[in-house]
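Chain by chain, the residues run as shown.
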Amino acid sequence: SLGHAELVRRRSEIQQLLEQDGVTYNVADGDHRPNRPWRLDPVPLIVPGDEWHTIEQGSIQRAELLNLVLADLYGDRRLLRSGVIPPEMILADPQFLRSCDGITIPGEKQLVLAATDLARVADGRWLAIGQRTQAPSGASYALENRRAVSRVFPQMFRDTSVHQLSPFIAALRSALIQAAPVGVDDPTIVVLSPGALSETAFEHAAISAQLGFPLVQGADFELRGGAVGLRTVGGWVPVHVILRRVDATFSDPLSLRSDSTLGIPGLVAACRAGTVSVVNTLGSGVLENAGLGALMHTLSTELLGADLILEAVPTWWCGDDVGRSHVLAHLGELMVRPLSRLTLQHSVDTSRLSASGIDELRRRIVAQPGQWVGQERVDVATVPVVTTSGLRPRRTVLRTFAIAHGGSYQVMPGGLARTATSTGDSLITNRTGAISKDTWVLRTNAERVAEQYLIDPIQPQHTPAEALPARAAEHLFWLGRYAERAEATVRLVRAVNARRDEFDNTPAGTARSALVALLEVVTRVTGTFPGFVGDDADGLFADPSHELTSLIVDDKRPGTIAHAIRHMFDAIDVLRDQLSVDTWLVVGSLQRELDRLVDGTSSDPEDTGSDDAGSEDTIPVSSAGEGGAGAPGDDGRDRDAVTASVLDSLLQGLLSLAGLANESMVRDQGWQFMEAGRRIERALQVTTLVGSALATNRSAPVESLILESVLSAAESVITSRRRYRSRPAASTTIELLYSDRGNPRSLHFQIDRLADSLGTLGASRPDGFSGTVSWSESIENLIDNADWLTLAQTDVAGQRTQLTEFTIAMRHGLLALSDAIAAQSFTRIQPQLAVATTPSSATGTSGMSS
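Now for a quick tour of the structure. Fair warning: this is a prediction, and the values are worked out from it, not measured in the lab. (Residues numbered from 1 in each chain as written. Predicted model: local features only at pLDDT ≥ 70, side-chain atom pairs only at ≥ 80, totals over all residues. Heavy atoms only, no water.)

Bringing the side chain of Ser720 into the picture now. Mapped onto the secondary structure, Ser720 falls in helix 22 (residues 717–724). Apart from residues lying up to four places away in sequence, Ser720 is in contact with Leu711, Arg725 and Leu736. (Helix = DSSP H or I, 4+ residues; strand = E, 2+ residues; numbered from the N terminus. Contact = heavy atoms within 4.5 Å.)

This part covers the packing of aromatic side chains. With the rule as written, the count across this model stands at 15 aromatic pairs. Ring centres 5.5 Å apart and planes at 70 degrees place the aromatic pair Phe157 and Trp440 in the edge-to-face group. Taken together, the residues Phe157 in helix 6 (residues 154–159) and Trp440 in strand 19 (residues 435–441) connect sequence positions 283 residues apart. Residue class for Trp440 comes out buried when judged on its relative accessible area of 3%. Three or more aromatic residues joined by ring pairs make a cluster, and in this case those are Phe477, Trp478, Tyr482, Phe673, Phe769 and Phe826. In this structure, Arg576 packs its charged tip against the face of Trp584, placed 4.3 Å from the ring centre. The ring centre of Phe749 lies 4.7 Å from the NZ or CZ of Arg753, which sits over that ring. (Phe/Tyr/Trp six-rings, centres within 6.5 Å; stacked < 30°, edge-to-face > 60°. Buried < 20%, exposed > 50% of the residue type's maximum accessible area, 1.4 Å probe, protein only. Lys NZ or Arg CZ within 6 Å of the ring centre and 35° of its normal.)

Turning our eyes to something else, we now look at the packing of helix 5 (residues 139–152) against helix 8 (residues 201–211). One way to put it is that helix 5 packs onto helix 8 with a least axis distance of 8 Å and a crossing angle of 75 degrees. Here helix 8 runs roughly perpendicular to helix 5, going by the angle between their axes. Counting all contacts with helix 5, which are made through Ala139, Ser140, Tyr141, Leu143 and Glu144, the residues of helix 8 involved are Phe202, Glu203, Ala206, Ile207 and Gln210. Classifying every residue of the contact of helix 5 with helix 8 by side-chain character gives 6 nonpolar, 2 polar and 2 charged. (Axes fitted to C-alpha atoms, helices over the stretch in contact; angles between N-to-C directions. Parallel < 35°, antiparallel > 145°, perpendicular 65-115°, else oblique. Nonpolar A, V, L, I, M, F, W, Y, C, P; charged D, E, K, R; others polar.)

This next bit is on the sheet that holds strand 6 (residues 221–224). The 3 strands lie next to each other as 6-7-8, forming an open sheet whose pairing is antiparallel. At either margin of the open sheet sits one strand with a lone partner, and together these are strand 6 and strand 8 (235–238). Between one strand and the next, the sheet's axes are offset by a mean angle of 45 degrees, whatever the strand orientation. (Pairing = 2+ DSSP bridges.)

This part is about the packing of helix 20 (residues 669–694) against helix 27 (residues 801–825). The relative placement of two packed helices comes down to the angle between their axes together with the axis-to-axis distance. Running from N to C, helix 20 and helix 27 cross one another at 160 degrees; their axes reach a closest spacing of 9 Å. By the angle between their axes, helix 20 is roughly antiparallel relative to helix 27. The interaxial crossing formed by helix 20 with helix 27 has left-handed handedness. Residues Phe673, Ile680, Ala683, Leu684, Thr687, Thr688, Val690, Gly691 and Leu694 of helix 20 lie in contact with helix 27, whose contacting residues are Leu803, Thr807, Met810, Arg811, Leu814, Leu815, Leu817, Ser818, Ile821 and Ser825. Of the residues assigned to the contact of helix 20 with helix 27, the class counts are 12 nonpolar, 6 polar and 1 charged. (Left-handed = near helix turned anticlockwise from the far one by under 90°.)

Summed over the entire model, instances satisfying the criterion amount to 10 cavities of 30 Å³ or more. For the largest cavity, the calculated volume is near 140 Å³. What lines the largest cavity is a set of 13 residues, and nearest its centre among them are Ala488, Gln685, Leu689, Ala713 and Ala714. Broken down by element, the residue count for the lining of the largest cavity peaks at 5 residues, all from helix 13 (residues 470–503). Of the residues that constitute the lining of the largest cavity, the class distribution is 7 nonpolar, 1 polar and 5 charged. Counted as a void, the second largest cavity has a volume near 100 Å³. Taken together, Leu479, Ala483, Leu579, Ser580, Thr583, Leu657, Leu660, Ala661, Met665, Met674 and Arg678 form the lining of the second largest cavity. (1 Å grid on protein atoms, 1.4 Å probe; cavity = no way out; pocket = protein on both sides within 12 Å on 5 of 7 lines; lining within 4 Å. Points joined across faces, edges and corners; volume = space filled by probe spheres on them.)

With that settled, the discussion passes to the pairing of strand 3 (residues 126–132). Most of strand 3 sits inside the fold, with 6 of its 7 residues counted as buried. Pairing geometry for strand 2 (residues 113–120) and strand 3, over 6 bridges, is antiparallel. By the bridge assignment for strand 3, Ala119 is matched with Leu127. What sits between strand 2 and strand 3 in their antiparallel hairpin is a turn of 5 residues, with Gly124 showing a positive phi close to 95 degrees.

Take the sheet that holds strand 12 (residues 334–338) next. What the 4 strands build is an open sheet, ordered 11-14-12-13; its pairing is antiparallel. Both edges of this open sheet fall to strand 11 (315–317) and strand 13 (348–349), since each of them pairs with a single strand only. The pairing of strand 12 with strand 13 spans 2 bridges and is antiparallel. Within strand 13, the residue paired with Met335 across the bridge is Asp349. Lying on the sheet, helix 11 (residues 321–329) is in contact with strand 11, strand 12 and strand 14 (372–376); it crosses strand 11 at an angle near 115 degrees.

Structure below.
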């Protein structure tokens, strides 16, 4: 009843919400940073309650069955010895890890988290088309889908009896705590991620934030006394449970892949010693073996004494004579899959192969029959999807999630539905751009919300403050520095642009001299040499637009606004679990404005299908609006006007980000590191700004114009006017921006706040942060002993020599203090030297590629 136009509008609203929340699925794109916005169709996948009951019971049964198979394969191996599972099927799979034989975790289940991929066929039955047991992805995306759809259709959602998804997180948290090693009552639990460039990096951070457990990487760990622990700002902290989002083969370079930089050296030994539990267990990926699909019915009868509730797609393993004969006889009709996902082979729809392609595939199967599996092609049922031309049918698959709970498994009442992007698509994967759907499981009249699952039965655990990973502390520190650097540079460029608007076309004289001096200051403060102080300076002074544009949009050039913001985004990506959800409202806005600068066009929230990054080197004229709003002479909004508008928006976003950090973050160690980074950077910026602008004495009219711009860039022009009631002078400007402890933009204010942060950090550390003490004291002495009137005096050559000496000394002290903080708190990993290497592969993380 909403109508097509309203559905399209709400689709755009959903896409905006997802962008604001920073929901992405990363896909490598040449040299560009992988980043693809998550796509969600507004029409949910509806599953009636009685239909869901079958899915739920079938998913539980499959999880139980796979758990028994996993325990046997790494235990007695009765199934292999009896031939129920052909040994060559498992032993040829690189996901069967011999070094993990005999390793178990506490609890009734070795398989804690299992996912089943389902497809509905034309007669209404649901068939199991695969399973994910390595590190199943998608649960957090399903939760995010629900959050977005329920916000865009609030009344419809409230009026519909839909099962809640929130119990999933409580169940997962409970399962992780119960997996702790024997005798550990208060376990330290972490989420191990390959990093921000992983395909599902968003999910890793989201699940970490939802669970309240730190998001860590392999480089954060260190093995001591047979136990693995985190390198934190407070020292080494033992870890007891790891929720693994890194493929098992990449998880330990000592026992598994020697070329992996994603894992934890010694993890397998620690698991064997029982000092740490890994969920899912190392080696659980063998259950994704495609050949097991041909044996699921037999295994269910053998181990459970029951038929499968959810039938599997008919499957034939080519390592078996009968199976191979069937597959070879029906090439052209079947899907042919590699035995293991780690072989890097792709599934093949043989119905789309040419005669020569079928002959080539036949030769490959005959050469290595045990490495191939044939599977009946499934005519997947369709569901309605919103398109620009109306509702259209698209094939859809569903992934369900089961968590070990109370001696059995609990299934998320919903899951992640993925839909083909076009009618003819046979592959429905995130890598090919599949569109997701929220899954609405309808409650029957007899069902009620499982309230017992809404309350975590486990006693709340307390993570000590000093357990902040050193890598997270480093990124927080640099987040503070890059955010402040971007803000300071935006302010400086805005102040210079204001002078250009006044004096750019004036002849030589006072105004022109002031503008030239300010352009030189821009280069010196940003460090973007040679710039306006190089051999080409005269040409740049004649037309500074190109250089100023580069200072804004060139993210490959250190010192530019784009460079600082890009690096700020990189830090934020790593810190998703540390920051407020509202942070993504600001980050999304900043990202759009930065893209607007780079692309030269404004963001259009209605256009949700484009992934184009645009040019990074120029700001093309905007074509928005009738007749081209960016064309000079049309409505006056030329390139400089677009730039000025976006600079204002960037400043607004950076101020919002600073406000969130100041008002929403807990004053823990992480915040103190970020605050220290911000104060060091602001102190560097104001020191360099004043030192560069006032190093040379100029005529009174020129210096007056320069001082007003300096005060404007330092957000202190109104304070100066109110306090001194006269035009700015060098002495009053130095006093206000260097020595005024009440001015939040002054150097002295930054040093005081920096001392507070370092003092707080030192009080919480066993070493008292001793490595920073000498440089901190040196800086405080330097500023306390400075004579501001003397710094404003000039020598016979018209130079403020003492100001320059003070600037150099202060910058040296601040940079040395930054290095001291890094040396004492942050992780420095030496390059790994592998004894033997194997071909590297992708990112070592389990995505949702099938």
